[in-house]
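Residues per chain, in single letters:
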Amino acid sequence: MMDFGGYPIAATAAAESWDQLHWFLIGVCVFFSLVVFVPMVVFAIKYRARPGHKPTYISHNNALEIFWTAVPTVILMVIFAWGWIVYKELVINAPPNAMEVKVMARSWGWTFQYEDGRTTNDLLFVPVNKPVRLVMTAAEGDVIHSFFVPNFRLKKDVVPGIYNTTWFEARIPGRHQFFCTEYCGAGHSIMIGAVVVLEEEDWQLWRWGKAIDMPDWVGIGGKRERMLTASQGREAAFQVQTAHLDQKSLIDRGQELHRRQGCVACHSSDGTMGIGPSFLGIFGEEVELSDGRILVRDENYIRGQIENPRAQIVRGFEHAVMPPYPGRLSELDLNALIAYIKSLQGSTTAQRMTEE
Amino acid sequence: MAGSVDTEGFKEHHPAHHFKDADHEFFTVKNGMWLFMLQEILFFAPLFVAYFTFKFIYFEDFQYSAAKLDWKLGAVNTVILIVSSFTVVRAVVAAQRGNNEGLIENLIYTIICGFGFMIVKAIEYSSKIADGVLPGAWMNNAALVEAAPQAPLFYSLYFMMTGLHALHVAVGIGLFAWLLLKAKRRELGPKYYTPLEMTGLYWHFVDLVWIYLFPLLYLVG
Amino acid sequence: MHHSPEGTTYLNYPKGLMSWLVTLDHKRIGMMYLASVLFFFFVGGVFALTIRLELFTPEQNLLTADQYNQAFTYHGVIMVFLVIIPMIPAAIGNFVLPLMLGAKDVAFPRMNLASYYIFVAASVMAVATMFFGGVDTGWTFYTPYSTQTQTATTLMLCAAFVAGFSSIFTGLNFMATVHKLRAPGQGWGQLPLFVWAIYATSVIQVLATPVLGLTLALVALERVAGVGIFDPALGGDPVLFQHFFWFYSHPAVYIMILPAMGVINEVIPVFSRKPIFGYKAMAAAIFGIALVAFAVWGHHMFTSGQTALVNMLFSLITMFVAVPTGIKVFSWIATMYKGSIHFDAPMIYAFAFLFVFVIGGLTGVVLATLGADIHFHDTYYVVAHFHYVMVGGTLFGFMAGLHYWWPKFFGKMFNSFLAKLSAVLILIGFNVTFFPQFILGIQGMPRRYWSYIPEFTALNQLSTIGSFVIALGFFLALGYLTHSFFFGKKAGSNPWRALTLEWESESPPPLENFRFDPVVTHGPYEFKGERV
């Protein structure tokens, strides 16, 4: 007896919205298939060539042609708009309080780095019902990968040299399969793993480095028992690797780098203007560049400036000199520095409040 | 000479069997040539798009690197190409009037201009190579990279854009040499000068590409 | 002016192998393309079956990971560049286009022969890569993988670059031919829709292929000289490659499908004994598709990290591809309405085309929907979709055309029953192979996996079984067509009672196509004798 699986579980609210869109699309597909196939079959039978049957000369019909141009156009616009709405919910609208996880892909495996500086490989641990924002990049010199969780209907390419972001809020605890979906060579099909969604108690235990029981798989078809046995052969591919090697948080590490790499010589952390702009309160804020453009200083901006400081220089600092750092900092160090700069935010908000 | 058309003494050309007459052939070939140039534009297009993309991202570095180019040599080459476009037009007019000597003379001028362009280009390239200013991973000029970290990318584009253009110039020189041979055999006259007209169109295109490349690479910096 | 002696055809006059190898006759060049394309279809098909066999079980058993990656790369490169793109325009179109225009040849016969040999050179280079370590980049050559992998990629890039020029020259040639070599009385409104389709295809070939050529050259230069345009380590941008690549490769899918639509445009009126419904809208729709084709490439990159605004625009524009496509499908059905439908093999293939193409087209709308694509991108849903369009569309269109013009090509008829049987076998095999892949895509199976989680086993096995049914159908076709080539019943000059010019000449036509000067006096689909 063949088992074809079933419709995949929707483990997030966004995935449920996605499913509604998908059922609508299936409906549209079935409807238009019938609109074509039923007449096709009926005409084939009714107007088959036979003795005594003569064809009728018809060359066109303007009203009909306008009708079948206009109606699909309207339906297509509905599909487009719905697709956009779902896209916003699925990819863009990350809540501001989302827990952030840095994702680093390399050929062929995944490293997840949490806010407290811990890292895990191939298993992404998250609490249930908490929004999680993923900031993803591939190792330097590596190729493009893509992070895909079918149960979340979620996918984003992971590109070296760029931070791509996406988010999710898992509702169903358990292990959710994820895949690499951008072809990356020999190990592409084993570059897989699981998002481990933990109940709140388990999450607290795991956070403090305590042992927990691994939750069951949440199968693509929702058949947990079968998934569990079927997947046993692959357990080896993603053993739990909760590395406690570096107990320092990302921010601490970033602070150390800020001092050790000499950034502090020009960039203060307390708002004092040096040769370069202070790091205090700059993250996520708009800034005017020397060429008049205005942009937001986000992860990609900071990363780009570290690697090529002259590219997008801030107004007023045209004559400052800073050596470019391409390759001098590892990806993990870059993450740490950015996390540190980001942490220097609270005080500005406080400052702004007092000013107001 | 002006106005008089000498149609005597030229080898007769028979249009290919699937054309009605010589005019039909001429206009079909011309049609094909315009289509060919359309694809040429799109062949150059990705390099221009890449140039604008990276110029936008690495504005300062690209300005800095572009300023290092020798705009005087670029200007000399611009003049050379404009002159050669003029001599090509004169060659076509000479052929239309049956003035074979004038045709040969102007073809020779055009070929000289072509070589002149290539020599100036060679001077320019060799000075860049001597300074270690080479594309991408071959870049060997630490001072430049220190001042403008994305200079290798600029020079990649510079070498590829001017290189692809120079390749077209070289092909043009070959075509004109072939036409010179034809002219000496008196095969190009008022009744049949199709290859000359088409090569002329091609040459104007090559000229035009340079007219865009020169300000973009040499002057904007 | 008509040189060929009475009783000779293009097949036997002039004589000798050399006369074929250096021929300038568009019909011979078309047949040489046909032979090459069919050969590579076989090679690409063997790779396809190998892939399906490996995927019969979730574990790795037949091929290693590297071999599997090479197998799907060769399947893709061969099928796209050496089969589907030249399949209808360069093979069938080369033969039929000048005949439909009442011309003696294409505008530039020498260039036509050159295109063929450029194609051969590209094929040789592509095959040669197999002996230099193979290629494992996929037919999409995505950077930075394609700039890093230690295989014969540079040579393969050159092969695709060279193949591109064959395609450009063919398109340019056909455009000039349509511009300048139409028969007296044949305005643009009297052109058969197959000519319109080939013309629109040629426009895309001339305008899009150079971009691919230069892009592949940049990747090759990246490998050889490290120029860095697509290399993030050197300041370049790997996503820029994707923009350039899809600027060509999305229009390229219309290079593949438009000619097939052109064939169906001919077949349905002839076998319904009725004018094509809405000639003007049909011609406009062809051009509408070709035009929109240039502004939709970004829908291949919805997950690449391009901005939400760009994603939105590309999703919106892509929706407009469906409008002219819908016009075409509805008009085909309307053409059958109150017709007198003859179920000969070309018409069976046209029905198969409609069935499969509609599913392919509608799932294309699903993929164009921004939110939906986030889940489907790079899964088997995409694989199923483009096989429904490329195989179901182009290949069935090609088979319809091959059977329709076969009597004209060789002056012989084929076994009608076996032809219909093979059409039905291929149609069933096709749906058994690819429909399960839609479900696999919904379940989340990524493409280009040589090993997969066990949940996907049953559907993959079904798919593999289907692929062998397709193979069986094609072997049957090979059998009766070979038989027809040698022993087929003689076909008259117009066995299907069609009205376009190619049927006014003998079957097979002589050198220079017509023994008289053809003049167009009626539209291509005015089946007036049957007017009620």
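Residues numbered from 1 in each chain as written. Chains lettered and ligands numbered in written order. Predicted model: local features only at pLDDT ≥ 70, side-chain atom pairs only at ≥ 80, totals over all residues. Heavy atoms only, no water.

Each helix and strand in chain C was counted, giving 16 helices and zero strands. Relative to the compact-globule value of 24 Å for 532 residues, chain C shows a C-alpha radius of gyration of 23 Å, a close match. Taking the principal axes of the C-alpha coordinates as reference, chain C spans close to 65 × 50 × 45 Å. Out of the 532 residues in chain C, the part that is buried amounts to 71%. Restricting the contact set of chain C to residue pairs at least 6 apart, pairs at least 24 apart contribute 81%. (Helix = DSSP H or I, 4+ residues; strand = E, 2+ residues; numbered from the N terminus. Rg over C-alpha atoms; globule rule 2.2 N^0.38 Å. Buried < 20%, exposed > 50% of the residue type's maximum accessible area, 1.4 Å probe, protein only. Contact = heavy atoms within 4.5 Å.)

Here we come to the overall build of chain A. Per the secondary structure count, chain A includes eight helices and 12 strands. With 356 residues in all, chain A has 50% of them scored as buried. Long-range contacts, defined as pairs at least 24 residues apart, comprise 65% of the intrachain contacts of chain A with a sequence gap of at least 6. Just so you have it, chain A exposes about 15800 Å², and 59% of that area is on carbon and sulfur atoms. (Areas by Shrake-Rupley, 256 points an atom, 1.4 Å probe, with all protein chains shown as cover.)

On to the interface of chain B and chain C, then. Listed per partner, the contact involves 32 residues of chain B and 40 residues of chain C. Approximately 2900 Å² of surface area, both sides summed, lies buried where chain B meets chain C, with 76% of it carried by carbon and sulfur atoms. On the chain B side of the contact with chain C, H17, H18 and F43 of chain B bury the most area, a combined 21% of that side's loss. For the pair chain B and chain C, the interface holds eight residue pairs in polar contact (both at pLDDT 80 or more). Taken together, the elements giving at least two residues each to the side of chain B that touches chain C come down to helix 1 (22-57) and helix 6 (151-184) of chain B. Considered class by class, the residues forming the side of chain B that touches chain C number 21 nonpolar, 11 polar and no charged. (Buried area = accessible area lost by both parts, 1.4 Å probe. Polar contact = N/O pair within 3.5 Å; in protein donor to acceptor, adjacent residues only side chain to side chain. Nonpolar A, V, L, I, M, F, W, Y, C, P; charged D, E, K, R; others polar.)

Another aspect to go through is the nonpolar core. Nonpolar side chains in soluble globular proteins tend to be buried together. Membership of the largest hydrophobic core comes to 346 residues, with the highest contact counts inside it found for F147 of chain A together with I229 and F409 of chain C. Considering each element in turn, this core owes the most residues, 24 residues, to helix 3 (residues 65-100) of chain C. In this structure, I229 of chain C is in contact with A50, F54, L153, S156, L157 and M160 of chain B together with L218, E222, G236, D237 and L240 of chain C, ignoring residues within four places of it in sequence. Residues F279, V287, A336 and Y340 of chain A belong to the second largest nonpolar core, which totals 26 residues. (Core = buried A, V, L, I, M, F, W, Y, C linked by side-chain atoms within 4.5 Å.)

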